[in-house]
Amino acid sequence: MSRLNIIFLLTFVGLLIWVTLFQPDSIGKIQRGAMVVTRPFMGASNELDGAVRALANEPLSPAQVKAKLAAAEQERDRLRLEVIQLDEILSENNQLRNALQYLEKSPLSLVASRVISRKPSNWYNTLVIDKGSDEGVAVDSPVIVPLGEEAGLVGKISEVIGPHSALVLLLTDEMCQVSAKLQNSQEQGILSGERGALRTLPNLHLRYLPKEIVATPGLKIFSSGMGELFPANLLLGEVVNLRASVIDAEAVVKPAVNFDNLVDLFVILPTKDAKALPADAAGVPDPVTPSTSVKP
Amino acid sequence: MRFFLFVTLLILLSFILQEFLPTFEWAYGSRLLLVHAVFLAAAVAVPFPAMLTFAFFTGLLWDARYFVPIYPGASVTGLITQTELPFGFTILIFGVMGALIQGVRPLFRRGRWELPVFMIGFCTGLGLVFEYLIISFHRGGLELPPELLWKLLMTALFSSLVSPFLLLLFSRVADRMRYRIRTEGLKRRHTYDGDAL
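Residues numbered from 1 in each chain as written. Chains lettered and ligands numbered in written order. Predicted model: local features only at pLDDT ≥ 70, side-chain atom pairs only at ≥ 80, totals over all residues. Heavy atoms only, no water.

Peer 1: Before we move on, could you go through the pairing of strand β10 (residues 235-244) of chain A and cite the residues and values that matter?
Peer 2: All names here are of chain A. As defined by bridge partners, strand β9 (residues 220-223) adjoins β10 across three bridges and the pair is classed as antiparallel. Paired with I221 across the strands is G237, a residue of β10. As judged from the seven bridges shared by β10 and strand β11 (residues 248-255), these two strands associate in the antiparallel manner. Residue pairing in the sheet places E238 in a bridge with K254 of β11. Hairpin connection from β10 to β11: three residues lie between these consecutive antiparallel strands. (Pairing = 2+ DSSP bridges. Helix = DSSP H or I, 4+ residues; strand = E, 2+ residues; numbered from the N terminus.)

Peer 1: Run through the interface of chain A and chain B, naming residues and quoting values.
Peer 2: Much of the literature gives interface size as the accessible area that the parts lose upon coming together. Counting from both sides, the interface comprises 42 residues of chain A and, opposite them, 50 residues of chain B. A combined buried area of about 4300 Å² lies between chain A and chain B, and 67% of that area is made up of carbon and sulfur atoms. At the boundary of chain A and chain B, one finds one salt bridge. Of all elements in the fold, only α1 (3-20), α2 (24-56), β4 (150-162) and β5 (165-170) of chain A reach the threshold of two or more residues within the side of chain A that touches chain B. It is α2 of chain A that contributes the most residues to the side of chain A that touches chain B, eleven residues altogether. (Contact = heavy atoms within 4.5 Å. Buried area = accessible area lost by both parts, 1.4 Å probe. Salt bridge = Lys/Arg side-chain N within 4 Å of Asp/Glu carboxyl O.)

Peer 1: Report on a nonpolar patch on the surface, specifying residues and quantitative values.
Peer 2: On the surface, M1, I6, L9, L10, V13, I17 and L21 of chain A cluster together into a nonpolar patch covering about 670 Å² of accessible area. Looking at the element boundaries, I17 of chain A is found in helix α1. (Patch = residues over 30% accessible without salt bridge, like charges linked within 9 Å, V, L, I, M, F, W, Y side chains within 5 Å. Areas by Shrake-Rupley, 256 points an atom, 1.4 Å probe, with all protein chains shown as cover.)

Peer 1: Could you give an account of the pattern of salt bridges, with specific residues and numbers?
Peer 2: Residues and elements named next belong to chain A. Under the criterion given, the structure shown has eleven salt bridges over all chains. Residue R78 pairs with E82 through a salt bridge whose shortest N-O separation is 2.6 Å. On the criterion of helical spacing, the pair formed by R78 and E82 is a turn pair, its members being four residues apart in helix α3 (residues 62-99). In this structure R78 comes out as partly exposed when scored by relative accessible area, which is 34%. Take E82: its relative accessible area is 11%, and that puts it in the buried class. In the salt-bridge network here, residues are joined through shared partners; they are E75, R78 and E82. (Buried < 20%, exposed > 50% of the residue type's maximum accessible area, 1.4 Å probe, protein only.)

Peer 1: Could you give me a rundown of the packing of aromatic side chains, with the residues and numbers involved?
Peer 2: All names here are of chain B. In this structure the tally under the stated criterion is 20 aromatic pairs over all chains. With a centroid separation of 5.7 Å and an interplanar angle of 70 degrees, the aromatic rings of F4 and Y179 are classed as edge-to-face. With F4 in helix α1 (residues 2-20) and Y179 in the segment after α7 (146-176), this pair connects stretches of sequence that are 175 residues apart. Owing to a relative accessible area of 23%, F4 belongs among the partly exposed residues under this scheme. Where F15 meets W62, the ring centres are 6.3 Å apart and the plane angle is 50 degrees; that geometry is what we call tilted. Of this pair, F15 sits in helix α1 while W62 is found in helix α3 (residues 48-66), placing the two residues 47 residues apart along the sequence. F15 gets classed as buried once you look at its relative accessible area, which sits at 11%. The exposure class of W62 is buried, given its relative accessible area of 4%. (Phe/Tyr/Trp six-rings, centres within 6.5 Å; stacked < 30°, edge-to-face > 60°.)

Peer 1: Can you lay out the packing of helix α2 (residues 34-45) of chain B against α3 of chain B for me, pointing to particular residues and giving the numbers?
Peer 2: Residues and elements named next belong to chain B. Here α2 crosses α3 at 175 degrees, and the two axes come no closer than 10 Å. The orientation of α2 with respect to α3, classified from their angle, is roughly antiparallel. Mapping the contact onto sequence places V35, H36, F39 and A43 in α2 and M51, F54, A55, T58 and W62 in α3. Its residues assigned to classes, the contact of α2 with α3 shows seven nonpolar, two polar and no charged. (Axes fitted to C-alpha atoms, helices over the stretch in contact; angles between N-to-C directions. Parallel < 35°, antiparallel > 145°, perpendicular 65-115°, else oblique. Nonpolar A, V, L, I, M, F, W, Y, C, P; charged D, E, K, R; others polar.)

Peer 1: How would you explain the confidence of the model for chain A if you had to name every residue and give the values?
Peer 2: Residues and elements named next belong to chain A. Of the residues in chain A, 82% reach a pLDDT of 70 or more, and the chain-wide mean stands at 78. pLDDT under 50 marks residues 99-107. Its contacts with residues more than four places away, or in other chains, come to ten contacts. Counted against residues more than four places away or in other chains, residues 273-296, with its pLDDT under 50, gives 43 contacts. (pLDDT = per-residue confidence, 0-100.)

Peer 1: A description of unusual backbone geometry should follow, citing residues and the corresponding values.
Peer 2: All names here are of chain B. Positive phi is not limited to glycine here, since Y28 has a value of about 60 degrees. Inspection of the secondary structure puts Y28 in the loop between α1 and α2. We classify Y28 as partly exposed; its relative accessible area is 27%. Even without being glycine, R178 reaches a positive phi, approximately 55 degrees. Considering the arrangement of structural elements, one finds R178 in the segment after α7. Owing to a relative accessible area of 78%, R178 belongs among the exposed residues under this scheme.

In structure tokens form, the structure reads like this:
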């Protein structure tokens, strides 16, 4: 090997070590810079993706479009009411917690967001949304979507990339773990996705259930609220089957949310107490109440 | 020099185009990794020091855009402060894959592209295997579902399919810019019994 090659190799190794020693705030700055450059292309890509999806669907007649629009408007109004209802339920939950002196009174607020990039990573199930530190989004903020009369959990904020962008780690990822309980039961387990989540509709796994538990297919799974990361009673999915071992039982769960068609999401903003830790840890400015918050 | 500038611009362009490339659900979430394919095709055409330089800045840009800060489970106890796939890991992947593919430079120079095309796909897949092994090491237990193998195979195949066009482009541009692909450093300097040639 020539002397020049050796010099370049040693320089490469030195630079590589230097880069791997970057602190999270330095990495955050680099990623924010990259996001500023690539965001216009991400937006264009998302629009193109939407156009291709629309082309793939059957063409509709004007009458069908009109009917669909009317139905969508009705659905939108219903969803607005449901968001308000959800907010009330969560506020009530917080008040009960306050009574039990577990938490200080902290009104919940949601921020509406839109998906701008899908599955950017090879191995992690993630989305990029168009809300970030300027809207008060912080690391570990839960992300939900209305599902009929309930709210379905989509995932949590993995990283706030910039003032108007954040990375969502989906529930289907193995590293997004939620404390969950069965419908009409106090039995709890840990729900997580599959490694790589390679299938189109990956199943979730509810582990560490008591081995004596009885769970029929179709039984709904909700978040338990333990750990205080995710609010209680967010719909996670329904039981497909149950496998009991000598020590515990594991339920295979079909997710409630269709992760392929996510467009509009809601981020639950952190409460006063919860705000400080993740925001400071992520190097994100203190969240402020955004103008886009959905409040009752 | 003009050729290196062209390679730099092409790598930057590939980052933009990568944003528009979808994942294929029918192929278990695999997609064309255009940036990888462009880098590996360039690595066949440039000398070792230039390959390392391109590996560094391509890997750095990739991680700047696609790095996901996921901490292993033990991080909650404060035992681990490093992410599963550390920032800069892609630089290492590109460096190793680039060094591997440099071995087929003489074939590319002679206009034999069969092995370079195969190697571009192979190295793309191998890079993903490394990443998956690191993730599995952190999480414990090596899971190898058929979907994973299909994803690796299809991603490698997509890279192989696009690589002839990239090699053709590099070859034509090299001719036009009078850039000569040299294979210094790859010469056999000694006979097999140890005597200098």
